[in-house]
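Here is what each chain is made of, one letter per residue.
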Amino acid sequence: MRYWISAQSPPLEGSPAQQLDGLWLAAGREAAGLELEPGDLVLVYQSKSGRAVRRRGDDGAVEWVQTVVGKQGIAAVAEVEGRVTRDARIGKTEYVDGTELCWCWRAPVNAFSTDGYVPLLDVNRILGFKSTYNFGGFAYRNSGLRQIEAGQYWSLVEIFRSNARSGRP
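What you see is a predicted model; the values in this text were computed from it and never measured. Position numbers for residues start from 1 in each chain and track the written sequence from start to end. Residue-level local features of this predicted model are given only where pLDDT is at least 70; pairs of side-chain atoms are given and counted only at 80 or more, and the full residue set underlies all totals for whole chains, interfaces and linings. Calculated side-chain values reflect all of the structure's heavy atoms, with hydrogen atoms and water omitted.

A.B. asks: Sorry if this is basic, but what is going on with the nonpolar core here?
C.D. replies: Soluble, globular proteins show a tendency: their nonpolar side chains are buried together. Grouped together as the largest cluster of nonpolar side chains are 20 residues, with contacts concentrated most on Ile5, Leu43, Ile74, Val123, Phe135, Tyr153 and Leu156. Where helices and strands are cited, they refer to DSSP runs of H or I of at least four residues and of E of at least two residues respectively, numbered from the N terminus. Of all the secondary-structure elements, those providing two or more residues to this core are β1 (3–8), β3 (41–46), β6 (73–80), α1 (120–127) and α2 (150–162). Broken down by element, this core gets its largest block of residues, five residues, from α2. By the convention used here, residues are in contact when the closest approach between their heavy atoms is within 4.5 Å. Sequence-distant contacts of Leu156, defined by excluding residues within four places in its chain, comprise Leu43, Ile74, Val118, Asp122, Val123, Ile126 and Leu127. Among the buried residues, those of types Ala, Val, Leu, Ile, Met, Phe, Trp, Tyr and Cys that are joined through side-chain atoms within 4.5 Å form a nonpolar core. A simple rule labels every residue: compare its accessible area, found with a 1.4 Å probe on the protein chains alone, to the largest value its type can have, and call it buried under 20%, exposed over 50%, or partly exposed in between. In this structure, Leu20, Leu23, Leu36 and Ala78 belong to the second largest nonpolar core, which totals 17 residues.

A.B. asks: Help me out: how do you make sense of α1 in this one?
C.D. replies: Along an α-helix, residues three or four positions apart point the same way, because every turn accommodates 3.6 residues. For α1, every residue scored as buried is listed here: Leu120, Val123, Asn124, Ile126 and Leu127. Of the surrounding elements, those touching the buried residues of α1 are β1, β3, β6, β11 (118–119), β12 (145–148) and α2.

A.B. asks: Can you help me understand the packing of aromatic side chains in this one?
C.D. replies: The description of an aromatic ring pair rests on the distance of the ring centres and on the angle between the ring planes. Between rings of Phe, Tyr and Trp, where Trp is taken as its six-membered ring, a pair exists when centres lie within 6.5 Å; planes separated by under 30 degrees are stacked, by over 60 edge-to-face, and by other angles tilted. Applying the stated criterion across every chain, the model contains nine aromatic pairs. Three or more aromatic residues joined by ring pairs make a cluster, and in this case those are Tyr45, Phe129, Tyr133, Phe135 and Phe138.

A.B. asks: Before we go on, may I ask you to explain the environment of Pro108 in this structure?
C.D. replies: The topology assignment puts Pro108 in strand β10 (residues 105–113). In sequence terms Pro108 and Val84 are 24 residues apart; their C-alpha atoms lie 7.5 Å from each other. Apart from the residues within four sequence positions on either side, Pro108 is in contact with Asp21, Gly22, Glu79, Val80, Glu81, Gly82 and Arg83.

A.B. asks: Explain the pairing of β3 to me, please; I cannot follow it from the model alone.
C.D. replies: Regular strands place side chains that alternate from one sheet face to the opposite one. Within β3, six of the six residues are buried, which leaves the element mostly enclosed by the surrounding structure. Every second residue of β3 is oriented toward a common face, with Leu41, Leu43 and Tyr45 on one face and Val42, Val44 and Gln46 on the other, all of them buried. Judged from the six bridges that link them, β1 and β3 form a sheet pairing that is parallel. When the sheet's bridge partners are listed, Ala7 is paired in β3 with Tyr45. Here, any two strands with at least 2 DSSP bridges between them count as paired. With six bridges joining them, β3 and β6 adopt antiparallel strand pairing. Within β6, the residue paired with Tyr45 across the bridge is Ile74.

A.B. asks: Please clarify how unusual backbone geometry should be interpreted in this entry.
C.D. replies: Glycine aside, residues mostly have negative phi angles, and peptide bonds mostly take the trans form. A positive phi angle, close to 50 degrees, is found at Gln72, a residue other than glycine. Unusually for a residue other than glycine, Phe135 sits at a positive phi of about 70 degrees. With respect to the secondary-structure elements, Phe135 resides in the loop between α1 and β12.

A.B. asks: Looking at this structure, I do not really get α2. What am I missing?
C.D. replies: Relative to the 18 Å expected for 13 residues at 1.5 Å per residue, α2 spans 18 Å between its end C-alpha atoms, a close match to the ideal helical length. Listed in full, the buried residues belonging to α2 are Gln152, Tyr153, Leu156, Val157, Ile159 and Phe160. Mapping the buried residues of α2 onto a view down its axis gives an arc of 160 degrees, with all of them on the same face. What points out from α2, more than 90 degrees from its buried face, is the exposed set Glu158 and Ser162. Helix span is expected to be 1.5 Å times the residue number reduced by one. By construction, the arc corresponds to the directions joining the helix axis to the C-beta atoms.

A.B. asks: What is the right way to look at the pattern of salt bridges in this model?
C.D. replies: Two side chains that carry opposite charge are able to pair once their charged atoms sit near each other. In the sections that follow, a salt bridge refers to a side-chain nitrogen of Lys or Arg positioned within 4 Å of a carboxyl oxygen of Asp or Glu. What the rule picks out here adds up to ten salt bridges. Between Glu37 and Arg2 there is a salt bridge, with its nearest N and O atoms 3.8 Å apart. Of this pair, Glu37 sits in the loop between β2 (22–25) and β3 while Arg2 sits in the segment before β1, and the two are 35 residues apart along the sequence. In this structure Arg2 comes out as partly exposed when scored by relative accessible area, which is 26%.

A.B. asks: Whenever I open this one, the packing of α1 against α2 confuses me. Can you help?
C.D. replies: Packed helices, taken two at a time, are described by the angle between their axes plus the distance between the axes. Their axes nearest at 10 Å, the elements α1 and α2 cross at an angle of 160 degrees. Of the possible angle classes, the one that applies to α1 and α2 is roughly antiparallel. Along this stretch, α1 crosses α2, giving a crossing that reads as right-handed. Where α1 abuts α2, its residues Asp122, Val123, Arg125, Ile126 and Leu127 lie against Gln152, Ser155, Leu156 and Ile159. In terms of residue class, the contact of α1 with α2 is built from five nonpolar, two polar and two charged. Axes here refer to lines fitted to C-alpha atoms; in helices the fit is confined to the stretch in contact. Angles between the N-to-C directions go from 0 to 180 degrees. In this scheme, roughly parallel covers angles under 35 degrees and roughly antiparallel covers those over 145, while 65 to 115 is roughly perpendicular and the rest are oblique. Crossing handedness follows the turn of the near helix against the far one: under a right angle anticlockwise gives a left-handed crossing, and clockwise gives a right-handed one. Here the nonpolar group is Ala, Val, Leu, Ile, Met, Phe, Trp, Tyr, Cys and Pro; Asp, Glu, Lys and Arg are the charged ones; every other residue, Gly included, is treated as polar.

Written out as structure tokens, the structure reads:
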């Protein structure tokens, strides 16, 4: 079993409540997830913000959609349920800065807890990052996915549980 942390942007404004069903990797960055195996455990870090995305409405009108304000910390604990595979139905996402990414690689996960929270300062301290690090360009080739040590994982899970909103994290 391996332990991982995945950095993700918050959902777009007006989107339905985001359900974590997989770890998504952009084309060209999928190598970061090739070692993911069923049973591996993942902490999901949600950034405070993300880039605006271009959307085309049913009437053909183009609009730029912002992300909601994210949690800026670990927001979920999940278990990997399958290997990384490519979903050919996924097209490119165009960002306000002119870049495009195709988020077509996915490892299915079961998010078994979204009830706790680990603030950015604690994440940085435990992972050995500077206190001001914000996870921009995180991990191998900016993939947003990185393997971590078991001790780091369990230390973060302990904080996650201690900050649970209910009595059952």
